[in-house]
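Summary of structural features
As a plain string of letters, each chain reads:
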Amino acid sequence: MKSNFSRREALKRIGLGSAAVTVGAIGVVNASSKEGIDTQYIEEEEKQPLNFDQPITAIVLGAGGRGNVYAGYALENPKELNIIGVAEPIKYRRDNFSKSHNISENNQFTTWEHVFERPKFADAVIITTPDALHYGPAMKAIEMGYDVLLEKAIAQSWDECYDILKQQRKYGKIVGICHVLRYAPYFVKMKEIIDSGKIGEVVSVQHFEPVEHIHMSHSFVRGNWGNSKKSTPMILSKSCHDTDIIRWLVGKPCKKVSSFGSLKLFKPENAPKGSTKRCTDGCTVERECPFSAIKVYAERKSFLHHLKLENHDTDSTMELLKTSPYGRCVYHCDNDVVDHQVVNMQFEDDITASFSMEGLTSYGGRRTRIMGTMGDIVGDMDSMTVFDFRTREQKHWTAKDINDGIYAGHGHGGGDMRLARDFVRAVKLQDPTQLTSTIEASMESHLIGFQAEKSRLKGGKVLDVNLKV
Ligand SMILES: NC(=O)c1ccc[n+]([C@@H]2O[C@H](COP(=O)([O-])OP(=O)(O)OC[C@H]3O[C@@H](n4cnc5c(N)ncnc54)[C@H](O)[C@@H]3O)[C@@H](O)[C@H]2O)c1
């Protein structure tokens, strides 16, 4: 029976009221045991409140999109987290960030290296610099005794990822990786259902990541993640979330991987006749091009957050497009990452998984099907349906059923803020088990990614994964 009252009300009805409930790392209240309602409420936000006599302090390296997301936790929870330093080369970003967090002038730096010229002055460092600037600051921060929240991809090569893991082990610091999907109530729910045995043993997984074509052109053609040498291959930069969530849901080690994929569309030979190097150079087909920078940025005013521009009025945006990487024709960029890729994985106990990343879709999101011996799960992040072969019962949840609590409207289905919260708890308690995405737990998804890319470049050769770290 599906209930239509809120999670907190459900708790009250089963006699727990709003009292703090902690059930392991992921607190799940099985309301069905008391009142015959579905196991529908994820209560991890009801973890025991900590006694924050003092907030933990952190320095943000890279005050761009992600830096502001995690620092946003401090603005909402000033008793728990205080951002006391920032390194950011773009002046208006550094200024705005410093103003929001009231950061003193002597704690504002232009680049991450300067932060470490000072003796340690905070509990933690939040590394949200571009992919190529993860390794250096992560190694240094750990060595200097900071706990670290590190954006994915961990680093640009497997050896660098492994170095950071070894550094973490050497200095015993907390290192959390921003695999935010692990914290999204929708995926927490999916994992809970799998681990409860409701669908028997997992047999296979089908997971699909449609990127959406404008997002593809913005981030992975014109933008920061278009060139694998400057960032990482697509399977790491975009899809390490997916290899990670598959690995986490399966709960068993990956043994083998193979992959196919290529860059089909966004290359010079596909440039239409009449196109120019920039959309602002008098391209004669600009009006009919779906990827026109003028349409995307100046007219629709979408995807503006990566443009180095404080005021996004039309004239300033048009002017910027004459010089910015985001004004380039999508067929004339320095991109080399794939726009479509499939990956097959074999896990322990003959569990198989297939993953597709598709850049050329009209929609985004993630879709997942889990096939078990006694049932299956079908989900698309908006809803989830579980079918039990034994009872032929079908249960259906909308995302709102699963996550009607705090952070429901936040990024990655609420995962962003929940990760920030759990990192703060981990630092406060000096307890890495508060995080499901420690560097230790996140290594395998990166190895799957690096091996998948190697396989793709070898024409789909089957490669071993076998994590030994
Ligand atoms: N977890 C996720 O879901 C997710 C989503 C998007 C991006 N990311 C990752 O987060 C990281 C940041 O991405 P973003 O979208 O915030 O990019 P961004 O460009 O908005 O932010 C990065 C910031 O780092 C700054 N920076 C550059 N060089 C620096 C230096 N030497 N010292 C200090 N700061 C420097 C840039 O000026 C920029 O403001 C990337 O590694 C990216 O792959 C993760």
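- An unreviewed UniProt entry annotates the chain as Gfo/Idh/MocA family oxidoreductase originating from Snuella sedimenti.

1. Description of the pairing of strand E6 (residues 124–127)
- Going residue by residue along E6, you find Ala 124 and Ile 126 tucked away on one face and Val 125 and Ile 127 tucked away on the opposite face as well.
- For strand E3 (residues 56–61) and E6, the ladder comprises 4 bridges, and the chain directions are parallel. For Leu 61, the partnering residue across the bridge sits in E6 and is Ile 127.
- Summarising the sheet, E6 and strand E7 (residues 147–150) pair through 4 bridges and their orientation is parallel. Bridge assignment links Ala 124 to a residue of E7, and that residue is Asp 147.

2. Quick notes on the side chain of Ser 383
- Relative to the elements of secondary structure, Ser 383 occurs in strand E15 (residues 383–388).
- With a relative accessible area of 19%, Ser 383 lands in the buried category.
- Leave out the neighbours within four places in its chain, and Ser 383 touches Tyr 186, Val 378, His 396, Trp 397, Thr 398 and Ala 399.

3. Considering the sheet that holds strand E10 (residues 254–262)
- Taken in spatial order, the 9 strands line up as E16-E15-E14-E13-E9-E12-E11-E10-E17 in an open sheet, and their pairing is mixed. If you trace the sheet from one side to the other, it starts and ends with strand E16 (394–398) and strand E17 (463–464), each paired once.
- Where strand E9 (residues 202–210) meets strand E13 (residues 367–372), 6 bridges bridge the pair, whose relative direction is antiparallel. In the strand pairing of E13, Val 205 is matched with Ile 370.
- Sheet strands in contact with helix H16 (residues 439–457) are E10, strand E11 (340–347) and E17, and its direction is about 50° off that of E10.

4. With respect to the pattern of salt bridges
- Within this structure, the stated rule accounts for 25 salt bridges.
- Across the pair Glu 209 and Arg 366 runs a salt bridge, and its minimum N-O distance is 2.7 Å. Pair noted here: Glu 209 is in strand E9 and Arg 366 is in the loop between strand E12 (352–358) and E13, with a separation of 157 residues, a long-range link. Here the two residues Glu 209 and Arg 366 agree in accessibility, since each one is buried.
- Linking Lys 230 and Asp 334 is a salt bridge whose minimum nitrogen-to-oxygen distance equals 2.5 Å. Separated by 104 residues along the polypeptide, Lys 230 in the loop between helix H9 (213–222) and helix H10 (234–237) and Asp 334 in the loop between helix H13 (314–321) and E11 bring together distant segments of the chain.
- The class for Asp 334 is partly exposed, based on a relative accessible area of 30%.

5. What about the site of the ligand?
- The local shell around the ligand holds 28 residues, among which Arg 66, Glu 88, Arg 93, Asp 131 and His 134 are the closest.
- In this structure, an oxygen atom belonging to the ligand sits 3.4 Å away from a side-chain N or O atom of Asn 224.
- The separation between an oxygen atom of the ligand and a polar side-chain atom of His 306 is 3.0 Å.
- For the shell around the ligand, the element with the highest residue contribution is helix H3 (residues 65–76), accounting for 3 residues.
- The residue inventory of the shell around the ligand, partitioned by class, reads 11 nonpolar, 11 polar and 6 charged.

6. A word on the packing of H3 against helix H4 (residues 91–101)
- The contact between H3 and H4 brings their axes to 11 Å, and the two run at 15°. One way to sum up the angle between H3 and H4 is to call them roughly parallel. The handedness of the crossing between H3 and H4 is left-handed. Between H3 and H4, the residues in contact are Gly 67, Asn 68, Ala 71, Ala 74 and Leu 75 and Phe 97, Ser 100 and His 101, respectively.
- Of the residues belonging to the contact of H3 with H4, the class tally is 4 nonpolar, 4 polar and no charged.

7. Some details on H4
- The set of residues buried in H4 consists of Tyr 92, Arg 93, Arg 94, Phe 97, Ser 98 and His 101.
- Contacts from the buried residues of H4 go to E3, H3, strand E4 (81–87) and strand E5 (108–109).
- In the stretch just after H4, Asn 102 is the one whose phi turns positive, near 55°.

8. What to know about unusual backbone geometry
- Along the chain, Lys 152 connects to Ala 153 via a cis peptide bond; the corresponding omega equals -10°.
- Looking at the secondary structure, you find Ala 153 in the loop between E7 and helix H7 (158–171).
- We note that Glu 212 has phi near 85°; this positive angle belongs to a residue other than glycine.
- Residue position: Glu 212 is located in the loop between E9 and H9.
- Phi angles above zero are rare outside glycine, and Asp 349 is one such case at about 65°.
- Along the chain, Asp 349 falls in the loop between E11 and E12.
- Given a relative accessible area of 49%, Asp 349 falls into the partly exposed group.

9. With respect to the state of the cysteines
- Across all of its chains, the model carries 0 disulfides by this definition.
- In this structure Cys 333 is a free cysteine whose sulfur lies 6.9 Å from that of Cys 329, the closest cysteine sulfur available.

10. Quick word on the packing of aromatic side chains
- For the coordinates displayed, the defined rule picks out 11 aromatic pairs.
- Ring centres of Phe 266 and Tyr 331 lie 6.5 Å apart, and the angle between their planes is 25°; this geometry places the pair in the stacked category. Here Phe 266 is found in the loop between E10 and helix H12 (293–299), whereas its partner Tyr 331 is found in the loop between H13 and E11, with 65 residues between them in sequence. As far as burial versus exposure is concerned, Phe 266 and Tyr 331 are alike and both buried.

11. Focus: helix H8 (residues 185–195)
- Within H8, 10 of the 11 residues are buried, which leaves the element mostly enclosed by the surrounding structure.
- The set of residues buried in H8 consists of Pro 185, Tyr 186, Phe 187, Val 188, Lys 189, Met 190, Lys 191, Glu 192, Ile 193 and Ile 194.
- Backbone geometry just downstream of H8 places Gly 197 in the positive-phi region, at approximately 85°.

Parameters at a glance
- Residues numbered from 1 in each chain as written.
- Predicted model: local features only at pLDDT ≥ 70, side-chain atom pairs only at ≥ 80, totals over all residues.
- Heavy atoms only, no water.
- Buried < 20%, exposed > 50% of the residue type's maximum accessible area, 1.4 Å probe, protein only.
- Helix = DSSP H or I, 4+ residues; strand = E, 2+ residues; numbered from the N terminus.
- Pairing = 2+ DSSP bridges.
- Contact = heavy atoms within 4.5 Å.
- Axes fitted to C-alpha atoms, helices over the stretch in contact; angles between N-to-C directions.
- Salt bridge = Lys/Arg side-chain N within 4 Å of Asp/Glu carboxyl O.
- Near = heavy atom within 4 Å.
- Polar contact = N/O pair within 3.5 Å; in protein donor to acceptor, adjacent residues only side chain to side chain.
- Nonpolar A, V, L, I, M, F, W, Y, C, P; charged D, E, K, R; others polar.
- Parallel < 35°, antiparallel > 145°, perpendicular 65-115°, else oblique.
- Left-handed = near helix turned anticlockwise from the far one by under 90°.
- Disulfide = S-S within 2.5 Å.
- Phe/Tyr/Trp six-rings, centres within 6.5 Å; stacked < 30°, edge-to-face > 60°.

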